[in-house]
Amino acid sequence: MALFGYLIPIALLFTLCFAEDPFANYELELSYITVSPLGVSQQVIAINGKFPGPTLNVTTNYNVVVNVKNKLDENLLITWPGVQMRRSSWQDGVLGTNCPIPPNWNWTYQFQVKDQIGSFFYFPSLNFQRAAGGSGAFVITNRKIISLPFNTPDGDIVIMIGDWYTRNHKELRTALDTGKDLGMPDGVLINGKGPYRYNTTLVPDGIGYETINVDPGKTYRIRVHNVGVSTCLNFRIQSHNLLLAETEGYYTSQQNFTSVDIHVGQSYSFLVTMDQNASSDYYIVASARFVNQSLWQRVTGVAILHYSNSKGNAAGPLPDPPNDVYDTSYAPNQAMSIRQNVTASGARPNPQGSFHYGSINVTDVYILKSLPPVMVDGKLRATFNGISFVNPDTPIRLADQFNVKGAYKLDFPNKPLTGPPRMDRSLINATYKGFIEIILQNNDTVVQSFHMDGYSFFVVGMAYGEWTENSRGSYNRWDAISRSTTQVFPGGWTAVLVSLDNVGAWNLRAENLDRWYLGQETYMRIINPEDNNKTELPVPDNVLYCGSLSNLQKPHKTTSSAVSTICSQSKLYFSLLLAISVAIAILC
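Sequence order as written defines the numbering, with residues in each chain counted from 1. pLDDT decides what is reported in this predicted model: residues at 70 or higher carry local features, side-chain atom pairs at 80 or more are listed and counted, and totals for whole chains, interfaces and linings draw on all residues regardless. The basis for every side-chain value is the complete set of non-hydrogen atoms in the structure, without hydrogens or water.

1. Quick look at the overall build of the protein chain
- Going along the chain from the N terminus, every DSSP run of H or I of four or more residues is numbered as a helix, and every run of E of two or more is numbered as a strand. Scanning the protein chain for helices and strands turns up six helices and 33 strands.
- Relative accessibility under 20% of the residue-type maximum defines a buried residue, over 50% an exposed one, and the middle range a partly exposed one, all with a 1.4 Å probe and only protein chains included. A total of 588 residues make up the protein chain; the buried ones form 55% of that total.
- Two residues form a contact once any of their heavy atoms are found within 4.5 Å. Counting only contacts in the protein chain whose residues sit at least 6 apart along the sequence, the fraction spanning at least 24 positions is 79%.
- Surface accessibility follows the Shrake-Rupley procedure with a 1.4 Å probe radius. Residue values consider only the protein chains on display as shielding. Put simply, the protein chain shows about 24300 Å² of open surface, and 52% of that area lies on carbon and sulfur atoms.

2. Describing the nonpolar core
- Within this scheme, the nonpolar core is defined by two criteria: the residues are buried Ala, Val, Leu, Ile, Met, Phe, Trp, Tyr or Cys, and they are joined through side-chain atoms within 4.5 Å. Within the largest apolar cluster, 132 residues are counted, with the highest numbers of intra-cluster contacts made by Trp-80, Tyr-109, Phe-138, Phe-270 and Met-524.
- Counting residues per element, this core draws most heavily on strand β9 (residues 155–164), at five residues.
- Leaving out residues up to four positions away in the same chain, Phe-138 has contacts with Leu-56, Val-58, Val-64, Trp-80, Val-83, Phe-111, Val-113, Gly-118, Ser-119, Phe-120, Phe-121 and Tyr-122.

3. Quick look at the environment of Ala-314
- Topologically, Ala-314 is positioned in the loop between β19 (300–307) and α3 (330–336).
- Taking the C-alpha atoms as reference, Ala-314 lies 9.4 Å from Tyr-196; in sequence the two are 118 residues apart.
- Excluding residues within four positions of it along the chain, Ala-314 makes contact with Tyr-196, Asp-281, Tyr-282, Tyr-283 and Ile-304.

4. Considerations on the sheet that holds strand β28 (residues 457–464)
- A pair of strands is labelled paired if DSSP reports no fewer than 2 bridges between them. Strand order across the open sheet formed by five strands is β20-β26-β31-β28-β29, with mixed pairing between neighbours. Of all strands in the sheet, those with a lone pairing partner are β20 (364–370) and β29 (482–483), marking the two edges.
- Inspection of the sheet shows β20 paired to strand β26 (residues 435–442) by seven bridges, in the parallel sense. By the bridge assignment, Asp-364 is partnered in β26 with Ile-436.

5. So, unusual backbone geometry
- A cis geometry characterises the amide bond from Phe-51 onward to Pro-52, with omega recorded as -5°.
- Tracing the chain through its elements places Pro-52 in the loop between β2 (42–47) and β3 (56–59).
- If you check the backbone angles, Arg-87 has positive phi at about 65° while not being a glycine.
- Inspection of the secondary structure puts Arg-87 in the loop between β5 (78–79) and β6 (106–112).
- A residue is classified by how much of its surface remains accessible, and Arg-87, at 32% relative accessible area, is partly exposed.
- We note that Asn-127 has phi near 55°; this positive angle belongs to a residue other than glycine.
- With respect to the helices and strands, the residue Asn-127 is situated in the loop between β7 (118–124) and β8 (136–141).

6. A word on the state of the cysteines
- Put simply, a disulfide is two cysteine sulfurs that come within 2.5 Å. Throughout the structure, instances matching the rule amount to one disulfide.
- For Cys-99, the disulfide goes to Cys-546, at an S-S distance of 2.1 Å. Taking the sign of the torsion about the S-S bond as the criterion, the disulfide between Cys-99 and Cys-546, at about -80°, is left-handed. In this pair, Cys-99 sits in the loop between β5 and β6 while Cys-546 sits in the loop between β33 (521–527) and α6 (562–587), placing the two residues 447 residues apart along the sequence.
- Its relative accessible area of 15% is what places Cys-546 among the buried residues.

7. Describing the sheet that holds β19
- Spatially, the five strands line up as an open sheet ordered β11-β19-β18-β13-β16, and their pairing is mixed. Each edge of the sheet is formed by a strand with only one pairing partner; in this case those strands are β11 (211–214) and β16 (260–262). Sheet twist, expressed as the mean angle between neighbouring strand axes with direction ignored, is 25°.
- The sheet contact formed by β11 and β19 spans four bridges and is parallel. The residue bridging Ile-212 from the neighbouring strand is Leu-305, located in β19. Axis geometry follows a simple rule: fit a line to the C-alpha atoms, using only the stretch in contact for helices, then measure angles between N-to-C directions, giving values from 0 to 180 degrees.

8. Topic: the confidence of the model for the protein chain
- On average, the protein chain scores 90 in pLDDT, and the residues at 70 or more come to 90%.
- The pLDDT value expresses, per residue, how confident the predictor is, ranging between 0 and 100. Across residues 561–588, where pLDDT falls below 50, the model places 29 contacts with residues more than four positions away in sequence or in other chains.

9. So, the side chain of Glu-511
- Positionally, Glu-511 belongs in the loop between β32 (504–510) and α5 (513–517).
- Apart from residues lying up to four places away in sequence, Glu-511 is in contact with Phe-123, Arg-130, Val-229, Val-264, Gly-265, Ser-449 and His-451.

10. A closer look at the pattern of salt bridges
- Think of a salt bridge as a Lys or Arg side-chain nitrogen and an Asp or Glu carboxyl oxygen that are within 4 Å of each other. In this structure the tally under the stated criterion is 27 salt bridges.
- The closest approach of N and O atoms between Asp-411 and Lys-409, which form a salt bridge, is 4.0 Å.
- The class of Asp-411 is partly exposed, set by a relative accessible area of 34%.
- With its nearest N and O atoms 3.1 Å apart, the salt bridge here joins Arg-509 to Asp-453. Residue Arg-509 is located in strand β32, and its partner Asp-453 is located in the loop between β27 (448–452) and β28; the two are separated by 56 residues in the primary sequence.
- Among the residues examined, Asp-453 registers a relative accessible area of 1% and is labelled buried.
- Several salt bridges converge on common partners, so that one network encompasses Arg-130, Asp-453, Arg-509 and Glu-511.

Next up, the structure:
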């Protein structure tokens, strides 16, 4: 009986740690290093000394614990676009939801990837830092009991692409602060490296390039992420088909492409079979789209696909990008051809397409119009509906919890304002369990990416011109792809539908880094009228305080996740504790 009494607390501790879903623990240290990806020495942001950062691999339903150490000389936050942090906007990593991590501090993110699969990436959200790097892939794999909707690939490859400036991120944001345009990028990086010297005039000698090693006859899952500043990139692999399989957490109807436009912030999974002969290596290309091609020739990333039995170097011209100068329908048609695989299981055994979004009544409609940046109160600013967002000094839900008055306003307009543009802290007062339609009207001069944190949305319509009520007749109401980042073409519109079932404060933004920095964003504040912890987790114990609540912030102390530490140690010590308990029971 005494033995049983001693074993109870130990068994409870062991059960607490291991009866729930597993933990995945990571340590990420962000610091500056010096590299020369385009032949010019410059300071970039590395993670654990790597540029780009490491890939985080987890499995559906894992609890993810990431201890972030800020070794930069300015504030830092890490955000996780596309990762739907159910009930936990406290971990979102943007200024509207988190106080920043000061230099030489660390902060531990903890969230669950509940009912999710797919290809994502993480990056620093403050101070234009993404333009200096700090990005890494985030992969959520299926549980073994859930079959993939394709044969298991022979390997998994991550490719990070993005436009790149040789000016550092501080210089770039200073340019925007003084009302200047960023201008043409200096190149495109593939996995942090410059282009292979496919052209001796355009590419200087001595540039390091990326090589992807493969074996003939095998099929690889290639996950491609556009982590750049503002340029859409066309991705293609010479002589190889790209079989599209997944995008941002949802399996797609499988179709072959020779090239795919990947917009800023978007992620795709392709199945690529190495079915060519190995007379030479092959080009992997990421080139700028929707720009003056003759002026932007240098803005091209080139890596090498190397078969293990290859007999020579890649040579000759690059494979051509889409030739759609006189066909404006090509790009939106390609985007709308990406459909959800409604027969495939996702994170759960039931088909992910069983959610009949097309038959749900819409409760609210928001038209978000963007225009070219303008001067507002003497500063260059970008807007949605005539409002340029100013981040609150006290994060939104923290202000709610502590009744901080005047931190923000719940008056974001559902259509464009008619008056002059203004800077404001205006949020969307969204209704929990509502089903909303958002029309993104891009009257800017550049193609844009639109992103929503905490959610995926159904991309139901897309076209050039002004959206009207009649545009709804063209919506896809059956198998539209669900994703978290979509493109909006200049002079065009994109319509999305979203079910508001995730309580919190969630960022809506232009993913183009310049437009986002200049204020083209807002937040949805979604509150469950029933006050309980079932729909939103409580304020985390390690929350940082700032703004009106700065006086609550305790002195910094380096920490790690107590729960994960206890759980990892429990396995090591359980046998020892059990032996001690048995000994005590015998002595008693």
